[in-house]
Amino acid sequence: MHQRRFQLPQVYEPLIERTLKPLGYSLGDPLKLSQAVRRLSDFYLSHPEGKTPWKETWAQAASLAYYFPLNYARNRAVALEAHRLGFFAGLDQMIDFGCGMGSALHAFLDLAPVFQDVRGLDVAAEALDICRNLSSSDRTASHLDLKQIGHGNQKGLFDQDSTTRLFLASYVYTELDELPRGALESEAIAIIEPSTQADGRRLMQLRQELIDSGHQIWAPCTHMGACPLLTHSEKDWCHDRIHWDAPSWFSEMEKHLPMKNRTLTFSYLLARRTLPRPDALASLARLTGDTLIEKGKNRQSVCRGSEREFLAWFPQRMPKGSPAIELERGNLIELKGPLEQKASEVRLPNADAVIELSPNLQMTPKTAPR
Ligand SMILES: C[S@@+](CC[C@H](N)C(=O)[O-])C[C@H]1O[C@@H](n2cnc3c(N)ncnc32)[C@H](O)[C@@H]1O
């Protein structure tokens with residue numbers, strides 16, 4: 001089993017502490033921080049459509065100490081998948097739309113320092129100030145342009161060369177009626193969304209619109225057919241799960257909170273306008289569910305085409321000495337056939353029938369645009 005575990009790099013701890021201080025908070029006072037987190041969490045629960053109250057210092061502190069690290073880890077996972085697929089080839093500009101404190105921008109830059117021109121755009125000046133504070137000069141600040149924009153005003157935002165641009169939007173499509181004009185002209189698109197049913201299914205619909213307009217889908221899908229969760233299910237949605245190794249100050253704060261984050265979920269989509277996906281993807285499948293243990297049988301949702309499918313295996317019936325099959329949601333697998341197919345189930349006779357790829361395994365994209 002290849003577990004994907006993510007941390008917040010140590011470099012952020014002093015930057016977060018430095019930013020918390022003028023707000024009247026400190027990583028050394030986890031109780032006070034947890035009270036701010038509870039207040040913001042309660043606010044989101046009672047105002048599901050509400051915007052973050054950025055003007056409040058408690059909301060800034062909570063976002064910084066709680067939501068920034070968690071979203072950083074989610075975004076880092078997406079950046080890692082993009083990196084190993086070769087998704088960043090030919091790109092040198094990035095727009096993080098609705099960047100907030102910059103969890104996506106920082107995670108992508110830390111993992112793929114290929115971007116020369118990075119713009120973070122947000123309607124909230126307070127969030128941009130925090131994003132600036134989290135950018136240490138030796139890493140990002142030299143080519144980082146953070147800009148406050150108006151809600152509807154997108155004039156001039158997408159004027160630069162779109163052929164080398166990544167449009168990045170993390171946890172913001174959920175707040176928008178539609179993507180900003182110009183976003184879809186970008187050569188590369190990375191969208192990360194909360195793993196709720198509504199947001200996940202909306203992202204699956206966007207995937208189909210991108211395919212219809214000629215885009216190549218690089219992840220999480222290994223195929224370009226219709227999404228089986230969209231066409232064969234009314235309620236399911238594609239989402240990923242990673243493990244979160246919290247820093248000790250985060251765990252101290254979490255001790256005072258009702259919610260515990262051992263794993264983090266999210267939905268995401270990586271698309272390119274012209275660069276074809278790596279050939280290897282077509283012969284792979286993505287694990288789109290956790291292992292479900294039923295009576296004598298294990299099942300796990302898998303995606304490799306427009307049919308809804310599950311891997312199924314019977315641990316008791318495995319040949320003697322065969323290692324247990326342990327597979328992690330979100331990983332890519334290769335199936336070694338021929339395999340028995342029973343309705344929607346692809347039956348695994350033994351552990352050799354499936355190879356789970358390491359999340360670090362590097363793939364080679366085609367270099368020439370279509
Ligand atoms: C939930 S936060 C996500 C922040 C950050 N991208 C992250 O992943 O942590 C959503 C952000 O989108 C911003 N936002 C909402 N509507 C926007 C718009 N029309 N244009 C630009 N930013 C917007 C909000 O101010 C907020 O900072």
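Look up: the structure comes first, before these words.
Quick caveat, the model's predicted, so the values are computed rather than measured. (Residues numbered from 1 in each chain as written. Predicted model: local features only at pLDDT ≥ 70, side-chain atom pairs only at ≥ 80, totals over all residues. Heavy atoms only, no water.)

**Student:** Summarise the state of the cysteines; cite the residues concerned and give the values.
**Tutor:** Applying the stated criterion across every chain, the model contains zero disulfides. Free cysteine cysteine 227: the closest other cysteine sulfur is in cysteine 303, separated by 6.2 Å. Given a relative accessible area of 10%, cysteine 227 falls into the buried group. (Disulfide = S-S within 2.5 Å. Buried < 20%, exposed > 50% of the residue type's maximum accessible area, 1.4 Å probe, protein only.)

**Student:** A description of helix α4 (residues 103-111) should follow, citing residues and the corresponding values.
**Tutor:** Within α4, eight of the nine residues are buried, leaving the element largely enclosed by the surrounding structure. Listed as buried for α4 are Ser103, Ala104, Leu105, His106, Ala107, Phe108, Leu109 and Leu111. (Helix = DSSP H or I, 4+ residues; strand = E, 2+ residues; numbered from the N terminus.)

**Student:** Describe the packing of aromatic side chains, listing the residues and the values that go with them.
**Tutor:** Under the criterion given, the structure shown has 16 aromatic pairs. On the numbers, 6.1 Å between centres and 40 degrees between planes, the contact of phenylalanine 158 with phenylalanine 167 is tilted. In terms of burial, phenylalanine 158 and phenylalanine 167 fall into one category: buried. Connected via pairs of aromatic rings, a cluster forms that spans Phe43, Tyr44, Tyr66, Tyr67, Trp244, Trp249 and Phe250. Directly above the aromatic system of phenylalanine 87 lies the positively charged group of arginine 272, at a separation of 6.0 Å from the ring centroid. In this structure, arginine 299 packs its charged tip against the face of phenylalanine 310, placed 4.2 Å from the ring centre. (Phe/Tyr/Trp six-rings, centres within 6.5 Å; stacked < 30°, edge-to-face > 60°. Lys NZ or Arg CZ within 6 Å of the ring centre and 35° of its normal.)

**Student:** Residues and numbers for the site of the ligand, please.
**Tutor:** Taken together, 17 residues surround the ligand, and among them Asn71, Gly98, Ser103, Asp122 and Ser170 come closest. Between aspartate 122 and the ligand, the recorded distance is 2.6 Å, taken from a side-chain N or O atom to an oxygen atom. Protein contact buries 91% of the 600 Å² of open area that the ligand shows by itself. Counted by class, the shell around the ligand contains nine nonpolar, six polar and two charged residues. (Near = heavy atom within 4 Å. Polar contact = N/O pair within 3.5 Å; in protein donor to acceptor, adjacent residues only side chain to side chain. Areas by Shrake-Rupley, 256 points an atom, 1.4 Å probe, with all protein chains shown as cover. Nonpolar A, V, L, I, M, F, W, Y, C, P; charged D, E, K, R; others polar.)

**Student:** Can you break down the nonpolar core residue by residue, with the values?
**Tutor:** Of all hydrophobic cores here, the largest spans 79 residues; its most connected members are Ile16, Phe88, Phe108, Phe115, Leu166 and Leu270. In contact with leucine 166, not counting residues within four places along its chain, are Phe87, Phe88, Leu91, Gln93, Met94, Ile95, Phe108, Phe115, Ala188, Ile189 and Ala190. In terms of nonpolar packing, the next biggest core, distinct from the first, is built from 22 residues, Leu121, Ile189, Leu203 and Ala271 among them. (Core = buried A, V, L, I, M, F, W, Y, C linked by side-chain atoms within 4.5 Å. Contact = heavy atoms within 4.5 Å.)

**Student:** Which residues make up the packing of helix α2 (residues 30-46) against helix α3 (residues 57-85), and what values go with them?
**Tutor:** Contact geometry of α2 with α3 gives a least axis separation of 8 Å together with a crossing angle of 100 degrees. Classified by the interaxial angle, the pair formed by α2 and α3 is roughly perpendicular. In this structure, α2 uses Leu33, Ala36, Val37, Arg39, Leu40, Ser41 and Tyr44 to contact α3, whose residues at the interface are Trp58, Ala59, Ala61, Ala62, Ser63, Ala65, Tyr66 and Tyr67. Partitioning the contact of α2 with α3 into residue classes produces 12 nonpolar, two polar and one charged. (Axes fitted to C-alpha atoms, helices over the stretch in contact; angles between N-to-C directions. Parallel < 35°, antiparallel > 145°, perpendicular 65-115°, else oblique.)

**Student:** Go over the pattern of salt bridges with me, naming the residues and quoting the values.
**Tutor:** Two side chains with opposite charge may pair up if their charged atoms get near one another. For the structure shown, the criterion picks out 20 salt bridges. Linking aspartate 290 and arginine 241 is a salt bridge whose minimum nitrogen-to-oxygen distance equals 3.0 Å. With a gap of 49 residues between them, aspartate 290 in the loop between β10 (285-287) and β11 (292-293) and arginine 241 in strand β8 (residues 240-244) connect regions that are remote in the sequence. On the basis of relative accessibility, which here comes to 26%, the residue arginine 241 falls in the partly exposed class. One salt bridge connects arginine 299 with glutamate 294, and the closest N-O pair in it is separated by 3.1 Å. (Salt bridge = Lys/Arg side-chain N within 4 Å of Asp/Glu carboxyl O.)

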